[in-house]
Amino acid sequence: MSNSPLTPGVVPGRLPAEAIAGNFSDHEAPLDAHEARVAADRCYFCHDAPCMTACPTSIDIPLFIRQIATGTPDAAARTILSQNILGGMCARVCPTETLCEEVCVREVAEGKPVEIGRLQRFATDTLMAKGVHPFARAAATGRKVAVVGAGPAGLAAAHRLAMKGHDVVIFDARPKAGGLNEYGIAQYKSTNDFAQAEVEWLLKIGGITVRTGVALGKGVTLAELQKDFDAVFLGMGLAGVNALRAPGEELSGVRPAVDFIAELRQAKDKSVLPIGRDVVVIGGGMTAVDAAVQSKLLGAQNVTIVYRRGQEKMSASGYEQEHATSAGVRIITNAAPVAVHQAGAAMEVEFAYTVDGPDGMTSTGETFRLRADQVFKAIGQTLSGAPEGLALAGGKIAVTGAGRTSVPGVWAGGDCAAGGEDLTVTAVAEGRDAAEDIHAALMAKQ
Amino acid sequence: MADLTSNFIGIKSPNPFWLASAPPTDKEYNVRRAFDAGWGGVVWKTLGSEGPPIVNVSGPRYGAIWGADRRLLGLNNIELITDRPLSVNLEEIRRVKKDYPDRALVISLMVPCDEESWKDILMRIEDTGADGVELNFGCPHGMAERGMGSAVGQVPEYIEMVTAWVKHYSKMPCIVKLTPNVTSILPPAMAAKRGGADAVSLINTIKSVTNVDLDSFSPFPMIDGKGSHGGYCGPAVKPIALNMVGEIARHAETRGLPISGIGGVTTWRDAAEFLAMGAGNVQVCTAAMTYGFKIVQEMISGLSQYLDEKGMRLYQLVGRAVPNFVEWQDLNLNYVTKAQIDQDACIKCGRCYAACEDTSHQAIAMSPERIFTVKDDECVACNLCVNVCPVENCITMVEMPKGATDPRTGRVVSDYANWTTHPNNPSAQAAE
């Protein structure tokens, strides 16, 4: 007996195993050497290039593309990685359509930007395939820095600190390092276990110890870290999930989208993952899109993203939205969840239509229901388990300058810190810059 | 469709596009395909003396340079003249000409520099039905070491002597193919004319090394770890060829000598430019070797459309640019232009700014919003910004009207005046 998209309930194998495997392969095929040369030739080598300004890590994009064009992708990779040590992952997950490629003069002129993201992947993949780590550590300083969280911010901070000659210990609550790169990115953006390969490659700098299964309040406290280390960097991300605050939220078919995505990422064989015939995803960001698209790729028949505000307010980019709709996902906007009802073995999610007016969002009073075997909440994550004594701003750790918290000797960056977009590339920039600041502070104390 | 029928020194062809003497015209099979594709004429790959044919290398004969997307910009070759027996070539020429009587078929020749050799080869080709001969005084590699090809073309006296022999022993129209590997193209052209040539064709290839392999340190094309210079052709050589054609077309002693234009003709536009610069027809090789024979169809349709749009006959295009091809000293020093940037067309890449600021006259301003504007009081109108701008017609040179004041020099734009009368010219002052 085999299942199909029409099979009722939450079941695995709605599509043939090969089809599912194919669905989760590279969303965008890597460029081969010739394609990369052709794509690189399109770059105008702009003066004071807008793409470089748009990049949160300020990668010298015209330079690395010219290095590809002249047959030296390894040098291109060095240009990228010197600014962004996770340039390989960023090449895969950056919303380039709203960053570098959006401001590419060829996008402005022709609606067809230089393929910066794919070129970056070509360069970094070329270097990493050689197993080469292009950076060496400075002489040991004898200083020790604790990094909490092995996600993009923590890894970037740890690498930069290790490169400067400091000894680093990274603590992470999960069994594997990588943070959202490992647990939170859609599978088709990070194939072949790339997140772990990248972590291993990054750690080749040396001087970094990773301790997993440890978090603040779980095996270690900030006070202990402050005592045992010369500086602390907090990059633990946002572990909490916002609640729907609607009756029925406690039903077993309602779960955080991030959990579904993490489970999917960790499954070696996606065809054993159960998925509903009808899936409703509530939210308007990249997490919502990643959960919805992957539900569809597992074989769900009907997948609907419902966002409470207008389409223009969705934080998922136009490109991401188009990706979702082309995968067969329906997007409903201006509808807020009211309640989740049990309906036989399945559920019905009740929504009320909304309008965005000058006085904020109001309900029109009109409601509708969507059948759902599974409901994924993707309405944002929150900081949880922040140590006492740290000043917060907007629910996140308040920082000034390069990630300095209100407590001397403690820096923070990435999603857990206030300010900046919650993007991998932003987290890398913040981790890197905090590391430079920590280095300056430690060296000044000599 | 404009009438493209061509009559070049009495040799008629349905269009002015001939294939140059080169690998594409080496044998009957290729030439038939070329004629079937629409080429107006061919110059058959160079024949040598009767006897054992020459041999070619059995490694790479070509080297190249490329632009974006591996577009071939320049090709270099070390192939010699035909390596097939003379009798085979002559038999094939006879057959092809018989089947394509309306096409031009000219035979390229290269034999040792003595009267007997030339007399002999001319007698052997007499009854092939070919329309003319082209004397290969251009080939710069291999054969030149043996005293032929460009070794002859670099010595005007030899050109004149051999041309005279050919005119003496043959009634066929005679085209002398010139080498660009000379200090000036004029003495060889004059020598050809003195010798009685009906026309010159140019340019043959330019001595060149396309690249050096950075692992084996061999120049390219590489034969067993060694490289020898080859002859360069293709789009990259067009500017050199256009200048040489124009120099012959305008010079008092060579003016009126028919010219077959060769050198990087890739599109109808290139061909039209050669014709305007004084060529009576054009010969093509690299473009065909890159894209195949079908490209002639674009050349035919393009030139035809152009002539129709201009309301011009083919012969009216020939030489049309020659009166405007002058010496530097004849240029109007009172012609003042300024670069102007079309802000609607500008894509804000900033290349004009980088070029002007770093390497020229600091005449372009850049605002924080990436608006690029020309500073008229600094702009010398050098045109570099136009050349580096990726958007065609975004930056243009706008002529200042007479009577206006050039903000850079403070001088009023006045009537034509050139260097010969300029106060800074010592010669001009001496003449006063």
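Criteria and thresholds
Residues numbered from 1 in each chain as written. Chains lettered and ligands numbered in written order. Predicted model: local features only at pLDDT ≥ 70, side-chain atom pairs only at ≥ 80, totals over all residues. Heavy atoms only, no water. Buried < 20%, exposed > 50% of the residue type's maximum accessible area, 1.4 Å probe, protein only. Helix = DSSP H or I, 4+ residues; strand = E, 2+ residues; numbered from the N terminus. Phe/Tyr/Trp six-rings, centres within 6.5 Å; stacked < 30°, edge-to-face > 60°. Pairing = 2+ DSSP bridges. Axes fitted to C-alpha atoms, helices over the stretch in contact; angles between N-to-C directions. UniProt positions renumbered as here; feature names shortened; annotations may be inferred. Contact = heavy atoms within 4.5 Å. Buried area = accessible area lost by both parts, 1.4 Å probe. Polar contact = N/O pair within 3.5 Å; in protein donor to acceptor, adjacent residues only side chain to side chain. Right-handed = clockwise from strand over helix to strand, strands pointing away. Parallel < 35°, antiparallel > 145°, perpendicular 65-115°, else oblique. Left-handed = near helix turned anticlockwise from the far one by under 90°. Domains from an automatic or database assignment. Salt bridge = Lys/Arg side-chain N within 4 Å of Asp/Glu carboxyl O. Nonpolar A, V, L, I, M, F, W, Y, C, P; charged D, E, K, R; others polar.

Caption draft 1: Examining helix 6 (residues 186-195) of chain B more closely. Burial analysis of helix 6 of chain B places 7 of its 10 residues in the buried class, which makes it a mostly covered element. Regarding helix 6 of chain B, the residues found buried are B:L186, B:P188, B:A189, B:M190, B:A191, B:A192 and B:G195.

Caption draft 2: Inspection of the packing of aromatic side chains at higher detail. Residues and elements named next belong to chain A. Going through the model one piece at a time under the given rule, you end up with 9 aromatic pairs over all chains. Seen from their ring centres, F260 and F376 are 4.3 Å apart, and the 15° between their planes marks the pair as stacked. One end of the pair, F260, is in helix 14 (residues 257-266); the other, F376, is in strand 17 (residues 374-377), and 116 residues separate them in sequence. Each member of the pair, F260 as well as F376, carries the same accessibility label: buried. Both rings, one in F351 and one in F368, keep their centres 5.4 Å apart while their planes meet at 25°; by these two values the pair is stacked.

Caption draft 3: Summary view of the sheet that holds strand 16 (residues 360-372) of chain A. Residues and elements named next belong to chain A. Pairing in this open sheet of 3 strands is antiparallel, and the strands run 14-15-16 from one edge to the other. In this open sheet, the two strands that pair with only one neighbour each are strand 14 (335-343) and strand 16. With direction set aside, neighbouring strand axes in the sheet form an average angle of 20°.

Caption draft 4: Focus on the UniProt feature "domain: FAD/NAD(P)-binding" (unreviewed entry) in chain A. In this numbering, the UniProt entry assigns the feature "domain: FAD/NAD(P)-binding" (unreviewed entry) to residues 144-431 of chain A. Between the end C-alpha atoms of residues 144-431 of chain A the distance is 16 Å, and the span holds 25% helix and 32% strand.

Caption draft 5: Here's a closer look at the interface of chain A and chain B. On the side of chain B, 13 residues touch chain A, which itself brings 12 residues to the contact. Both sides together, the interface formed by chain A and chain B hides about 990 Å², and carbon and sulfur atoms give 64% of it. Our count for the contact surface shared by chain A and chain B stands at 5 residue pairs in polar contact (both at pLDDT 80 or more). Of all elements in the fold, only helix 2 (33-41) and helix 8 (105-110) of chain A reach the threshold of two or more residues within the side of chain A that touches chain B. When residues of the side of chain A that touches chain B are assigned to their parent elements, the largest contribution, 3 residues, is made by helix 2 of chain A.

Caption draft 6: Representation of the UniProt feature "domain: Dihydroprymidine dehydrogenase" (unreviewed entry) in chain A within the structure. The sites that UniProt annotates as "domain: Dihydroprymidine dehydrogenase" (unreviewed entry) are residues 22-131 of chain A. The straight-line gap between the two end C-alpha atoms of residues 22-131 of chain A is 27 Å; of that span, 61% is helix and 0% is strand.

Caption draft 7: Examining the sheet that holds strand 12 (residues 302-306) of chain A more closely. Residues and elements named next belong to chain A. Taken in spatial order, the 5 strands line up as 9-17-11-12-13 in an open sheet, and their pairing is parallel. If you trace the sheet from one side to the other, it starts and ends with strand 9 (254-256) and strand 13 (330-332), each paired once. The sheet shows a mean angle of 25° between the axes of neighbouring strands, direction not considered. Inspection of the sheet shows strand 12 paired to strand 13 by 3 bridges, in the parallel sense. Bridge pairing in strand 13 links I305 to I331. Strands strand 9 and strand 17 of the sheet are contacted by helix 14, whose axis makes an angle of about 75° with strand 9.

Caption draft 8: Summary view of the pairing of strand 11 (residues 278-282) of chain A. All names here are of chain A. Summarising burial for strand 11: 5 of the 5 residues are buried, a large majority. In this sheet, strand 12 lies alongside strand 11 in parallel orientation, the contact comprising 5 bridges. Of the residues in strand 12, the one forming a bridge with V281 is I305. Where the polypeptide runs from strand 11 across helix 15 (residues 286-297) and back to strand 12, its parallel neighbour, the crossover connection is right-handed. As defined by bridge partners, strand 11 adjoins strand 17 across 4 bridges and the pair is classed as parallel. Directly across from V280, in strand 17, lies its bridge partner V375.

Caption draft 9: Structural detail: the packing of helix 3 (residues 115-125) of chain B against helix 5 (residues 156-169) of chain B. Residues and elements named next belong to chain B. The N-to-C vectors of helix 3 and helix 5 enclose an angle of 40°; their axes lie 10 Å apart at closest approach. Taken together, the axis directions place helix 3 and helix 5 in an arrangement best described as oblique. Between helix 3 and helix 5 lies a crossing of right-handed hand. On the side of helix 3, the interface is formed by E115, W118, K119 and L122, while helix 5 contributes V162, W165, V166 and Y169.

Caption draft 10: Here's a closer look at the domain arrangement of chain B. Splitting chain B by domain gives domain 1 (6-324) and domain 2 (332-416). Once you take the C-alpha centre of each, domain 1 of chain B and domain 2 of chain B turn out to be 41 Å apart.

Caption draft 11: Seen up close, the side chain of A:S271. Residues and elements named next belong to chain A. Position of S271 among the secondary structure elements: in the loop between helix 14 and strand 10 (275-276). Of the polar contacts made by the side chain of S271, one reaches the side chain of D269; its length is 2.7 Å. The contacts of S271, once residues within four sequence positions are left out, are P12, G13, A17 and I20.

Caption draft 12: Geometry of the domain arrangement of chain A. Residues and elements named next belong to chain A. Structurally, chain A comprises domain 1 (33-129), domain 2 (144-239 + 383-444) and domain 3 (242-377). Listed by partner, the interface residues are 15 residues for domain 2 and 14 residues for domain 3. If you sort the residues of domain 2 by the area they bury against domain 3, Y183, Q187 and Y188 come out on top, with a joint share of 50%. At the junction of domain 2 and domain 3, the tally comes to 2 salt bridges. Notably, a salt bridge pairs K189 with E320, separated by 3.2 Å at the nearest N-O pair. Top contributing element to the side of domain 2 that touches domain 3 by residue count: helix 11 (residues 180-183), with 4 residues. Of the residues belonging to the side of domain 2 that touches domain 3, the class tally is 7 nonpolar, 4 polar and 4 charged.

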